[in-house]
Amino acid sequence: MRRGNQTEIRRSCLLRSDVYRVGASGLSSRPTRVILSALGIAIGIAAMIAVVGISTSSRAKLDAQLASLGTNLLTVQPGKSFGGENVTLPAESTGKVGLIRGVEKAGAVATLPDVNVYRNRLIDPSMSGGMEVQAAGLDLLGLLDGTPRQGTWFTEATANYPTAVLGGIAADRLGIVSPGSQIWLGDTQVTVIGILDALPLAPELDTSAFIGEAFATSRFGWDGKPTVIFERSADAEVEAVRDLLPRTVNPENPENVSVSRPSDALAAKNAADLAFTGLLVGLGSVALLVGGIGVANTMVISVLERRREIGLRRALGATRGHIRTQFLAEALLLSALGGLAGTALGFGVIAVFAETNDWPISVPPAVFAGGIGATMLIGAVAGLYPAIRAARTPPTAALNG
């Protein structure tokens, strides 16, 4: 364009809409090399995602198995006074525990020491068979992950009447095989409405006969004081809740309250989490490194093969920035192609492996997004040097080469 006696030379420009087209055309001109390079990246990303997915699915299975052992279960019992005397828990203890921040569930049982269990009235009163009668709340079975072998647990209606639920061992000792049978609690006849499977979180209760709290109060004069309080909270809150339990249950004499320690299963779960995290970081880093090397190798060779193209474009007015943009766009497109293919392949491997081993498919969505994003980042970094090298190639040297 001329303005008076001056001539203005307009610099060439590369529109944003042209960046994708230029990058795609550079890849489409070498389909075989691009497919092989993208396949290498895809295998690396698929390996990373498959390793992460298989590990997280395995960890989900392991966590479920450890959770079944009660990793977040704490028990609260009365301890002894400073003088060595037996103490009791306040009647309102269970309700207070349920109000602690981080507590998800709380329930209790109360042993009725003067009430024995008998199959019939002809049994010698001194032969209790080592079985105890426990006053229990409606939420106890769910709290301990218990399941009825036969019959049902208490409801708001049945807890008020002379009914009982037997632990598995207690039912065997009494010879009770089905609900509807009659047993005696002291001098009171009650109807069995349920028989429980073994309680792995509280095996000491398998020899007990449970009755509703309302019936225990009206018939046996229970004062509402629990013998053992069971509490469950999130794994991360177990230690904090444990520190608060004695002061919550008995603010005046917290030293008279005994609280169980977190189980070894929780420590094992935390150790497994740390081990899996280290494994995922290590293998994921290796897979990304392999993908990045593949991108860098492809782009460096591309620069060497296309020196004439670079020189011609520079001679026609393309700036160094345009050349850098072109090769970076090619690297990003190549990485995206390999990343998407690798993500799909990795998920397929996870699904097959989980189905074969009867594991849950547990892959955080962030893994897929992170895999593609990391691939793009690695591709940009790996393509940066070849792009800079291409941009610095003098047009005359490129054309002469």
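None of these values were measured; they are calculated from a predicted model.

Engineer: Report on the overall build of the protein chain, specifying residues and quantitative values.
Structural biologist: The number of helices and strands found in the protein chain is 12 helices and 13 strands. Across the 401 residues of the protein chain, 43% fall into the buried class. A separation threshold of at least 6 residues defines the contact pool for the protein chain, and within that pool the share at least 24 residues apart is 80%. A total of about 20700 Å² of accessible surface is found on the protein chain, and carbon and sulfur atoms cover 60% of it.

Engineer: Describe the nonpolar core, listing the residues and the values that go with them.
Structural biologist: Ranked by internal contacts, the top residues of the largest apolar core, which has 23 residues, are Val-117, Leu-166, Ile-176, Ile-183, Leu-185 and Ile-211. Every element with two or more residues in this core is listed here: strand E6 (132–136), strand E8 (163–166), helix H5 (168–174), strand E9 (182–185), strand E10 (188–196), strand E11 (208–212) and helix H6 (213–220). Those residues in contact with Leu-166 that lie beyond four places of it in its chain are Ala-171, Leu-174, Ile-176, Ile-183, Val-192, Gly-194, Ile-195, Leu-196, Ser-208 and Ala-209. In terms of nonpolar packing, the next biggest core, distinct from the first, is built from 20 residues, Leu-140, Leu-196, Leu-201 and Val-228 among them.

Engineer: Pulling in residues and values, what's your account of the packing of aromatic side chains?
Structural biologist: Enumeration over the complete set of coordinates arrives at three aromatic pairs. Relative to Phe-210, the ring of Trp-153 has its centre 5.6 Å away and its plane inclined at 65°; by these criteria the two rings are edge-to-face. Of the two residues, Trp-153 is situated in the loop between strand E7 (148–151) and E8 and Phe-210 in strand E11; the sequence distance between them amounts to 57 residues. Here Trp-153 and Phe-210 have matching classes, each one buried. Taken together, a centroid distance of 5.8 Å and an interplanar angle of 85° make the contact between Phe-215 and Phe-220 edge-to-face. Members of the aromatic cluster, each reached through a chain of ring pairs, are Trp-153, Phe-154 and Phe-210. Positioned above the aromatic ring of Phe-220 is the side chain of Arg-219, whose terminal nitrogen or guanidinium carbon lies 5.5 Å from the ring centre.

Engineer: Could you give an account of the pairing of E9, naming the residues involved and the relevant values?
Structural biologist: In this structure, strand E5 (residues 117–118) lies alongside E9, joined through two bridges in antiparallel fashion. For Val-117, the partnering residue across the bridge sits in E9 and is Leu-185. Two elements, E9 and E10, share four bridges in a ladder whose sense is antiparallel. Note on E10: the bridge partner recorded for Ile-183 is Val-190. Between E9 and E10, which follow one another and run antiparallel, lie two residues, and Gly-186 among them has a positive phi close to 65°.

Thresholds applied
Residues numbered from 1 in each chain as written. Predicted model: local features only at pLDDT ≥ 70, side-chain atom pairs only at ≥ 80, totals over all residues. Heavy atoms only, no water. Helix = DSSP H or I, 4+ residues; strand = E, 2+ residues; numbered from the N terminus. Buried < 20%, exposed > 50% of the residue type's maximum accessible area, 1.4 Å probe, protein only. Contact = heavy atoms within 4.5 Å. Areas by Shrake-Rupley, 256 points an atom, 1.4 Å probe, with all protein chains shown as cover. Core = buried A, V, L, I, M, F, W, Y, C linked by side-chain atoms within 4.5 Å. Phe/Tyr/Trp six-rings, centres within 6.5 Å; stacked < 30°, edge-to-face > 60°. Lys NZ or Arg CZ within 6 Å of the ring centre and 35° of its normal. Pairing = 2+ DSSP bridges.

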